[in-house]
Amino acid sequence: MTPDEGCKLPCPLCGSRNSRTMQTRFYEVTCATWRRRICLDCDGRFSTLEMHVRGEPAIRLNKGRMHSSSKLSMPTGSTSIA
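Here the residue numbers are simple positions, counted from 1 along each chain's written sequence. In keeping with the model being predicted, local features are shown solely for residues with a pLDDT of at least 70 and side-chain atom pairs are shown and tallied solely at 80 or more, while totals for entire chains, interfaces and linings include all residues. The side-chain values count all of the structure's non-hydrogen atoms but skip hydrogen atoms and water molecules.

### Notes on the overall build of the chain
The line we're drawing: Each helix corresponds to a stretch of at least 4 residues labelled H or I by DSSP, and each strand to a stretch of at least 2 residues labelled E; elements are numbered beginning at the N terminus. Contacts are residue-level and defined by heavy atoms, with any inter-residue pair within 4.5 Å sufficient. The Shrake-Rupley method, run with a 1.4 Å probe sphere, supplies the accessible areas, and residue values consider only the shown protein chains as cover.
Helix and strand counts for the chain stand at one helix and five strands. Put simply, 16% of the contacts in the chain that link residues at least 6 apart link residues at least 24 apart. For the chain, the exposed surface amounts to about 6900 Å²; the carbon and sulfur share of it is 53%.

Dropping the structure here:
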């Protein structure tokens, strides 16, 4: 998936979700990705900042609900993952 395919953020000027990435920068220290975008409907330009958020692993279940892995019942005993 390209960055343009994954962007579903609306344009702050017109609300359209149709945009294209003009420039991308990756910052190693903060593990952040900055993107300069242009709206293909109104030609407005805006920036996005993508950052990795650490947290407890979660699993998405039916109907989009998120559950913490600590709240799910996990099998006990020795198991192997191939």
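### Thoughts on the pattern of salt bridges
The condition that has to hold: Note on definitions: salt bridges are taken to be side-chain nitrogens of Lys or Arg within 4 Å of carboxyl oxygens of Asp or Glu. Partly exposed residues are those whose accessible area sits between 20% and 50% of the maximum for their type, while under 20% is buried and over 50% is exposed, using a 1.4 Å probe and protein chains only.
The tally for this structure, following the rule as stated, stands at one salt bridge. Of the charged contacts, one joins Glu50 and Arg35 as a salt bridge, the two residues approaching to 2.7 Å between their closest N and O atoms. Residue Glu50 is located in strand β3 (residues 45–51), and its partner Arg35 is located in strand β2 (residues 32–39); the two are separated by 15 residues in the primary sequence. Judged by relative accessible area, which is 33%, Glu50 ranks as partly exposed.

### Quick notes on the sheet that holds β3
This is how the line gets drawn: Criterion used throughout: strands pair if DSSP finds at least two bridges between them. Axes, fitted as lines to C-alpha atoms, cover a helix only where it is in contact. Angles between the N-to-C directions of the axes lie from 0 to 180 degrees.
Strand order across the open sheet formed by three strands is β1-β2-β3, with antiparallel pairing between neighbours. Two strands close off the open sheet at either side, each with one partner strand: β1 (19–27) and β3. Each adjacent strand pair in this sheet contributes to an overall mean axis angle of 20°, direction not counted. The pairing of β2 with β3 spans seven bridges and is antiparallel. Directly across from Arg35, in β3, lies its bridge partner Thr48.

### Some points on the side chain of Thr48
When you line up the elements, Thr48 lands in strand β3. Thr48 has contacts with Leu9, Thr33, Trp34, Arg35 and Arg37, leaving out every residue within four places of it along the chain.

### Looking at the environment of Ile38
Relative to the helices and strands, Ile38 is located in strand β2. Taking the relative accessible area as the measure of exposure, Ile38 reaches 10% and is therefore buried. When the C-alpha atoms of Ile38 and Arg20 are compared, they prove to be 5.4 Å apart, with 18 residues separating the residues in sequence. The residues contacting Ile38, other than those within four sequence positions of it, are Asn18, Ser19, Arg20, Met22, Asp43, Gly44 and Arg45.

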